[in-house]
Every structure is written in structure tokens, then in C-alpha cells.
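Breakdown of the fold
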Amino acid sequence: MADQQAPPPLPKSQPSFGRRHSTIIKLLGVGALILVLLIPLAMITGVLRDRLQRRNDAVADITSSWGREQNLIGPVLWIPYQYKFKAVKEMCAHEGKMARRMVEGNAYQTV
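Computed from a predicted structure; not experimentally measured. In every chain, residue numbers begin from 1 and rise along the written sequence. Where totals are concerned, whole chains, interfaces and linings use all residues; where local detail is concerned, this predicted model gives features only for residues with pLDDT of at least 70, and gives and counts side-chain atom pairs only at 80 or more. Excluding hydrogens and water, the side-chain values take into account all heavy atoms of the structure.

Topic: the overall build of the protein chain
Labels follow the DSSP assignment, with helices taken as runs of H or I lasting at least four residues and strands as runs of E lasting at least two, numbered in each case from the N terminus. Helices and strands together make up the secondary structure of the protein chain, namely two helices and two strands. For the protein chain, the N- to C-terminal ordering of α and β elements is α-α-β-β. Throughout, exposure labels follow a simple rule: accessible area from a 1.4 Å probe, protein chains only, divided by the maximum for the residue type, with under 20% read as buried, over 50% as exposed, and the rest as partly exposed. Residue burial in the protein chain is summarised as follows: out of 111 residues, 2% are buried. In this description, contact between two residues means that some pair of their heavy atoms is separated by no more than 4.5 Å. A fraction of 30% describes how many contacts in the protein chain between residues 6 or more apart in sequence connect residues 24 or more apart. Under the convention used here, a 1.4 Å probe and the Shrake-Rupley method define accessible areas, while residue burial counts only the protein chains that appear. Accessible surface, the protein chain as shown: approximately 11,500 Å² in total, 62% of it carbon and sulfur.

Remarks on a nonpolar patch on the surface
In this scheme, patches are assembled from residues that exceed 30% relative accessible area and form no salt bridge. Like charges are connected within 9 Å, while nonpolar side chains (Val, Leu, Ile, Met, Phe, Trp, Tyr) are connected within 5 Å. Salt bridges are identified by distance alone: a Lys or Arg side-chain nitrogen within 4 Å of an Asp or Glu carboxyl oxygen. On the surface, Val 30, Ile 34, Leu 35, Leu 38 and Leu 41 cluster together to form a nonpolar patch covering roughly 480 Å² of accessible area. In this structure, Ile 34 sits in helix H2 (residues 22–66).

Here it is as C-alpha cells:
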């Protein structure tokens, strides 16, 4: 037993590629997942854009058929009534100053 020799030392092994670059591999995986998930996001954005355009078209269609300018046509009754009045109005003058002026006007009654 005295003849037994110690085994030779094992060579220092290099860490595998996965262990040396595990952070880079993880970052690339996360980046790939982000790129893959952008596809459904773009599809949803397209659907939302189409629905918004359809909504705007429907609102414009309804507004053009129901909400046009309305004109009141018919007889107008004028009652011979006139009221003259005087009032003091504050108006802007030069350089931002306020000036008071006397204003005269007429009021007419319509039915």
C-alpha cells in the first residue's frame, strides 16, 4: 500500500457556454418574447382603429340625416310695441382702460 500514488489532478474545466453567457441568453429570450407579443398588440390596434373609423362614419351619417340646420318657416306676428332705453356700458378704450359710454337702443316685441 505504500506503493499507491495519488491520482493526477483533474484539469480545470471551463464553464459551459450556457453558464458563461446565461445573462445574455436570458436577455435575448426576453427580447424575443417582446417581439412576439408585439404582433397581437398590432392586431388589436388595427381592430380599434377600424372600430373608431366605423363609429365616426356612423355619427357623421346620423348627423347628416337628422341634425342638419333647422329653419323655422311660417307667419311671424309683429306687435306694434317699441321700448326705447338708455344704458351705461363699460367698453375697452385705448391702452386697456375701461370707459363708460351711454348706449341707446330699441326693443321690439315679437311673438
